[in-house]
Amino acid sequence: MQAINDFILAAAGQPWVLLLVFACCVVDGFFPPVPSESVVVGLAAVAATAEVPNALVLMLAAAAGAFAGDNIAYLIGRATGTGRWAWMRGHRMQRAFLWAGGELRKRPASLIMVARFVPIGRVAVNLTAGATNYPHARFVGLTVLSAALWSGYSVGIGLFFGQWFEDNHLLGATIAIICAVLLGIGVDVVLSRLRGSSPARLRPDATDPAAPPADG
């Protein structure tokens, strides 16, 4: 966390920082260890008092990167399924894929929208949507909305806490990032309670999202 915040403070005034934001958000769409939330929220917290980078441009860069990353994950899932690489075959990821496959059949719109706020959840949902051939045109429309909501939230929380700590950019960025992480955990907990059953108890005739997509 400290290393991320130090880097954010050093890079906030650089013209290339928005390209970094875009790249982080793209990669985070299919590789959750990349901390896109931390970068966006931290930069927004700095922007609240230092006025760099521009908050609106930051929001647009984050939204564009999130949209691109989500759709890359969809295309990866469509091309490879959800079991091609070792990191996909872990117990936690496979449970997430199985749950996402069941939920996509029941409430795809709300799932895709909400999953954007949960790092592992969004990767599982997006890959599974591609692997199960969820209509791409519909997926694109939903990810436009989810990316806009996510970037608006991330920048908003950074601006809010940044204004509280005008004399301490680092403290404002740190608290904003912690709040973003806690919200993500909260959304994850709510989803777990609302789904009513664990992935292991989904009906046995459910389509296996780890299977390769059908031809065509």
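Data block above holds the structure.
Throughout what follows, the structure given in this document is the object of discussion. A quick note: this is a predicted structure, and the numbers were derived from the prediction, not measured.

1. Considering the overall build of the protein
Working step 1: Per the secondary structure count, the protein includes 9 helices and 0 strands.
Working step 2: Helices (α) and strands (β) of the protein occur, in sequence order from the N terminus, as α-α-α-α-α-α-α-α-α.
Working step 3: Across the 216 residues of the protein, 45% fall into the buried class.
Working step 4: The contacts of the protein with a sequence gap of at least 6 include a subset with a gap of at least 24, amounting to 79%.
Working step 5: Split by element, the accessible area of the protein, about 10,100 Å² in all, is 67% carbon and sulfur.

2. Describing a nonpolar patch on the surface
Working step 1: On the surface, F7, W16 and L19 cluster together to form a nonpolar patch covering roughly 340 Å² of accessible area.
Working step 2: Looking at where W16 falls in the secondary structure, it is placed in the loop between α1 (2-11) and α2 (17-28).

3. Comments concerning unusual backbone geometry
Working step 1: Backbone geometry places N133, a non-glycine residue, at a positive phi of 60°.
Working step 2: We classify N133 as partly exposed; its relative accessible area is 30%.

4. Section: the pattern of salt bridges
Working step 1: Taken as a whole and assessed by the stated rule, the structure comprises 3 salt bridges.
Working step 2: The closest approach of N and O atoms between R122 and D28, which form a salt bridge, is 2.1 Å. With R122 in helix α7 (residues 119-131) and D28 in helix α2, this residue pair connects regions lying 94 residues apart in the sequence. D28 shares its class with R122; the two are buried.

5. Observations concerning the packing of aromatic side chains
Ring pairs (aromatic) are described by centroid distance and by the angle formed between their planes.
Working step 1: Following the criterion strictly, the structure yields 2 aromatic pairs and no others.
Working step 2: Looking at R116, its charged tip hangs above the ring of W150, at a distance of 4.8 Å from the centre.

What counts and how
- Residues numbered from 1 in each chain as written.
- Predicted model: local features only at pLDDT ≥ 70, side-chain atom pairs only at ≥ 80, totals over all residues.
- Heavy atoms only, no water.
- Helix = DSSP H or I, 4+ residues; strand = E, 2+ residues; numbered from the N terminus.
- Buried < 20%, exposed > 50% of the residue type's maximum accessible area, 1.4 Å probe, protein only.
- Contact = heavy atoms within 4.5 Å.
- Areas by Shrake-Rupley, 256 points an atom, 1.4 Å probe, with all protein chains shown as cover.
- Patch = residues over 30% accessible without salt bridge, like charges linked within 9 Å, V, L, I, M, F, W, Y side chains within 5 Å.
- Salt bridge = Lys/Arg side-chain N within 4 Å of Asp/Glu carboxyl O.
- Phe/Tyr/Trp six-rings, centres within 6.5 Å; stacked < 30°, edge-to-face > 60°.
- Lys NZ or Arg CZ within 6 Å of the ring centre and 35° of its normal.

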